[in-house]
Amino acid sequence: MCSEHHLDSENKILCPQCDMLVELPVLPEGSKSSCPRCHTTLMVKWREPRRQPVLYAICALFMLVLANLFPFVNMSVAGIRNAITLIQIPQVLVSEDYASMASLFMIFVQLVPAFCMVSIILLNLRIPMPTELKVLMAKVLFKCRSWCMVEIFLAGVLVSFVKLMAYGDVGVGTSFLPYCLFCVLQVRVFQVIDKRLLWSDIAPAPQHPENLRVGLTGLQQGLRSCSCCSAILPADQLSCPRCHSKGHVRRRNSLQWTMSLLITAIMLYIPANVLPIMVTQALGTKLTSTIMAGVILLWGEGSYPVAMVIFIASIMVPTLKILAIGWLCWDAKYATRGDSERMHFVYEIVEFVGRWSMIDVFVIAVLSALVNMGQLMSIYPDIGALLFAMVVIITMISAMTFDPRLIWDRERGLTYKEPQSE
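Here the residue numbering is sequential within each chain, running from 1 through the sequence in written order. For this predicted model, a pLDDT threshold of at least 70 governs which residues receive local features, and a threshold of 80 or more governs which side-chain atom pairs are given and counted, while totals over whole chains, interfaces and linings are taken from all residues. Side-chain descriptors were evaluated using all non-hydrogen atoms of the structure, hydrogens and water having been removed beforehand.

- You'll find the chain entered in an unreviewed UniProt entry as Paraquat-inducible protein A, with Hafnia alvei FB1 given as the organism.
- UniProt positions are given in the numbering used here, feature names are shortened, and annotations may be inferred rather than shown by experiment. UniProt, in its Subcellular location (unreviewed entry) section for the chain, records the words "Cell inner membrane".

### Section: the domain arrangement of the chain
Moving on, step 1. Boundary definitions for the domains trace back to an automatic or database domain assignment. If you check the domain split of the chain, you get domain 1 (8-45 + 204-234) and domain 2 (246-410).
Moving on, step 2. With centres defined by C-alpha atoms, the gap from domain 1 to domain 2 works out at 33 Å.
Moving on, step 3. Contacts are assigned to residue pairs with any non-hydrogen atoms lying within 4.5 Å of each other. Taken together, the contacts link eleven residues of domain 1 with twelve residues of domain 2.
Moving on, step 4. For any pair of parts, buried area is found by adding up, for both, the accessible area (1.4 Å probe) each one loses once the two are put together. When domain 1 packs against domain 2, the two sides together hide about 1,000 Å² of surface, and 49% of this comes from carbon and sulfur.
Moving on, step 5. In terms of surface lost to domain 2, no three residues of domain 1 exceed Q17, R37 and R224, which account for 48% of the buried area on that side.
Moving on, step 6. We define a salt bridge as a side-chain nitrogen of Lys or Arg found within 4 Å of a carboxyl oxygen belonging to Asp or Glu. On the surface where domain 1 and domain 2 come into contact, there are one salt bridge.
Moving on, step 7. Salt-bridge contacts for D19 lead to R250; the nearest nitrogen and oxygen are separated by 3.0 Å.
Moving on, step 8. We call two N or O atoms a polar contact when they sit within 3.5 Å, provided that within protein one can donate a hydrogen and the other can accept it, with sequence-adjacent residues counted only if both atoms are side-chain atoms. Here domain 1 and domain 2 share three residue pairs in polar contact (both at pLDDT 80 or more) between them.

### Some remarks on the packing of aromatic side chains
Moving on, step 1. Pairing of aromatic rings covers Phe, Tyr and the six-membered ring of Trp, with a centre-to-centre limit of 6.5 Å; geometry is then stacked below 30 degrees between planes, edge-to-face above 60, and tilted otherwise. Taken as a whole and assessed by the stated rule, the structure comprises ten aromatic pairs.
Moving on, step 2. Ring plane angle 20° and centroid distance 6.1 Å describe the contact between F72 and F153, whose orientation is recorded as stacked. Taken together, the residues span a long stretch of sequence, with F72 in the loop between α2 (51-69) and β5 (73-77) and F153 in helix α6 (residues 150-164) at a distance of 81 residues. One exposure class covers both F72 and F153, and it is buried.
Moving on, step 3. A ring pair is formed by F161 and F176, whose centres lie 6.1 Å apart and whose planes are at 35°; its orientation type is tilted. Residue F161 is located in helix α6, and its partner F176 is located in helix α7 (residues 176-192); the two are separated by 15 residues in the primary sequence.
Moving on, step 4. Since its relative accessible area comes to 13%, F176 is described here as buried.
Moving on, step 5. The rings of F72, F105, F153, F161, F176, Y179, F182 and F362 are connected pair by pair, giving a single aromatic cluster.
Moving on, step 6. Criterion for a charge above a ring: Arg CZ or Lys NZ at most 6 Å from the ring centre, at most 35 degrees from the ring normal. Across from the ring centre of F142, 5.2 Å away, lies the NZ or CZ of K195, which sits over that ring. Every helix listed is a DSSP run of H or I at least four residues long, and every strand listed is a run of E at least two residues long, numbered separately from the N terminus. Burial classification: accessible surface area is computed with a 1.4 Å probe over protein chains only, and a residue below 20% of its type maximum counts as buried, one above 50% as exposed, and the rest as partly exposed.

### Some words on the nonpolar core
Moving on, step 1. In this structure, I89, F108, F153, Y179, W199 and M358 are the most contacted members of the largest nonpolar core, which totals 131 residues.
Moving on, step 2. It is helix α4 (residues 99-124) that contributes the most residues to this core, twelve residues altogether.
Moving on, step 3. Excluding residues that lie within four positions of it along the chain, F108 makes contacts with P113, W147, C148, M149, V150, M358, F362 and I393.
Moving on, step 4. By nonpolar core we mean a set of buried residues, namely Ala, Val, Leu, Ile, Met, Phe, Trp, Tyr and Cys, connected to one another through side-chain atoms within 4.5 Å. With five residues, the next largest nonpolar core counts L21, L212, L223 and I232 among its residues.

### A look at the UniProt feature "transmembrane region" (unreviewed entry) in the chain
Moving on, step 1. UniProt annotation of "transmembrane region" (unreviewed entry) refers to residues 53-73, 102-125, 146-166, 172-190, 260-284, 304-328, 349-371 and 383-402 when read in the numbering used here.
Moving on, step 2. Between the end C-alpha atoms of residues 102-125 there is a gap of 33 Å, over a span that is 96% helix and 0% strand.
Moving on, step 3. Strand forms 0% of residues 383-402 and helix 95%; the C-alpha atoms that close the span are 29 Å apart.

### Details of the packing of helix α12 (residues 304-334) against helix α13 (residues 340-353)
Moving on, step 1. Geometry is summarised by axes, namely lines fitted to C-alpha atoms with helices restricted to the contacting stretch, and by angles between N-to-C directions that run from 0 to 180 degrees. Two elements in contact, α12 and α13, have axes whose closest approach is 10 Å; the angle formed by their N-to-C orientations is 140°. Seen along the crossing, α12 lies across α13 with a hand that is left-handed. Only R342, M343, V346, Y347, V350 and V353 of α13 make contact with α12, whose side of the interface consists of V317, K321, A324, I325, W327, L328 and D331.
Moving on, step 2. Here the residues of the contact of α12 with α13 sort into ten nonpolar, no polar and three charged. Crossing handedness is read from the near helix: turned anticlockwise from the far helix by less than a right angle, it gives a left-handed crossing, and turned clockwise, a right-handed one. Each residue is assigned to one class: nonpolar for Ala, Val, Leu, Ile, Met, Phe, Trp, Tyr, Cys and Pro, charged for Asp, Glu, Lys and Arg, and polar for all the others, Gly among them.

### Section: unusual backbone geometry
Among all residues save glycine, negative phi is the norm, and among peptide bonds the norm is trans.
Moving on, step 1. Positive phi, normally seen in glycine, also occurs at E48, with a value near 50°.
Moving on, step 2. Looking at where E48 falls in the secondary structure, it is placed in the loop between β4 (41-44) and α2.
Moving on, step 3. You will see that S230, though not glycine, has its phi angle at about 70°, which is positive.
Moving on, step 4. Looking at where S230 falls in the secondary structure, it is placed in the loop between β8 (223-225) and β9 (232-234).

### Brief notes about α13
Moving on, step 1. One less than the residue count of a helix, multiplied by 1.5 Å, gives the span that helix is expected to have. Compared with the 20 Å implied by 1.5 Å per residue over 14 residues, the 20 Å span of α13 between its first and last C-alpha is a close match.
Moving on, step 2. Those residues of α13 that fall on the buried side of the exposure criterion are S340, M343, H344, V346, Y347 and V350. Each buried residue of α13 sits inside an arc of 155° when the element is viewed along its axis, so together they form one side. Turned more than 90 degrees away from the buried face of α13, the exposed residues are F345 and F352.
Moving on, step 3. Those residues of α13 that are buried are in contact with α12, α15 (383-401) and α16 (405-409). Here the arc refers to the set of directions running from the helix axis out to each C-beta atom.

### Section: the pattern of salt bridges
Moving on, step 1. According to the stated counting rule, one finds six salt bridges in the structure shown.
Moving on, step 2. As a salt-bridge pair, R51 and E48 come within 3.9 Å of each other at their nearest N and O atoms.
Moving on, step 3. Residue classification places E48 among the partly exposed positions, given a relative accessible area of 37%.
Moving on, step 4. Its salt-bridge partner being R250, residue D409 comes within 2.9 Å of it at the nearest N-O pair. Taken together, the residues span a long stretch of sequence, with D409 in helix α16 and R250 in the loop between β9 and α10 (254-274) at a distance of 159 residues.

### A closer look at a nonpolar patch on the surface
Moving on, step 1. A contiguous nonpolar patch, built from W299, Y304, M308, I312, M316, L320 and L323 and spanning about 670 Å² of accessible area, is present on the exposed surface.
Moving on, step 2. The dominant element in the nonpolar patch, judged by the number of residues it contributes, is α12, at six residues.
Moving on, step 3. Residue placement: W299 occurs in helix α11 (residues 291-300).
Moving on, step 4. Residue W299 is classed as partly exposed on the basis of its relative accessible area of 45%. Like-charged residues are merged into a patch within 9 Å and nonpolar side chains (Val, Leu, Ile, Met, Phe, Trp, Tyr) within 5 Å, provided each residue has over 30% relative accessible area and no salt bridge. Surface accessibility in these figures is a Shrake-Rupley result with a 1.4 Å probe; residues are shielded only by whichever protein chains are displayed.

Here it is in structure tokens:
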């Protein structure tokens, strides 16, 4: 009877976005199960769910190693040629006293993706390790997923090419293709990873109370979902017995944290757009440029698609994201009636597009490393680039601290009062 109840618990899940209890059907290969309420994908049935992520991750790591061994891009100006490798980009930033931006590049483009690939390989191969270490690796893995910005950096490189064509000849090096393949492979790895299967390999899901009612929310049944491993727990159980993560029925002080981070981002966003983000030095003459000045320059040179990409990613997206997060907080706090599906769609867009604002930061990183030819021509970052990177990071964290389940609670007149103390 106990094993039957355990199997039954494995087939049920509380939707992490709207809190509805859903019974997962038996899926054929290549199909997915979605929440009938908010349409969030809950599970995807892949062929070889353990082997596929491992093979893709091994190939991705191999391509990353190759991408760091050989020249990445090169540029020739007035007969002077300069070629850089990926590892030289943070070195140049450090030499220009911008160790903070060098750290962001190393973390988001190199270290975090590499850690995720290694973790996926070890966990899916079920390598003998202490359970505590497996739990820690899995927790960090799924927390870091949003901070892998390989594809954003690659887009920044392509934008850099367009900017540099006006100054000289730009070409790709031997490692450019391996890095492109690494980008594609790491995206594919995250597509085929089975989070529920991975956690079940680490430890079985804790048993939950019987007589669960599918179609009702966890809040209505006195249940909560573990934000880390998705286990179903009693509402008053603060610590998950499987992953040891602490949590509540709703994220504590979600709206307060979200608004505090949002206000901080707004305070940084104004100087980030006013102060220069990049300094171009050519033949002894220094020229500073802001984000908007760069867009205007590209537009004036006829690079309309690139100008639009930079304008949308660096101007429009951060502005709209700040407004959207503020709207979500107001709607969750004060709106008594509203369109939950529409607000959930807004939330999903905010979560997806926020990372892409880092494209301008990566453009500056590439330009600073590649255009480093002394008095002839040099480009290096300025304070505005760091401030803008902080705006992007803070707005990403702000969106993560917002609890989307608050959007759906009002549909059934549900309210949740946070405890005053632990």
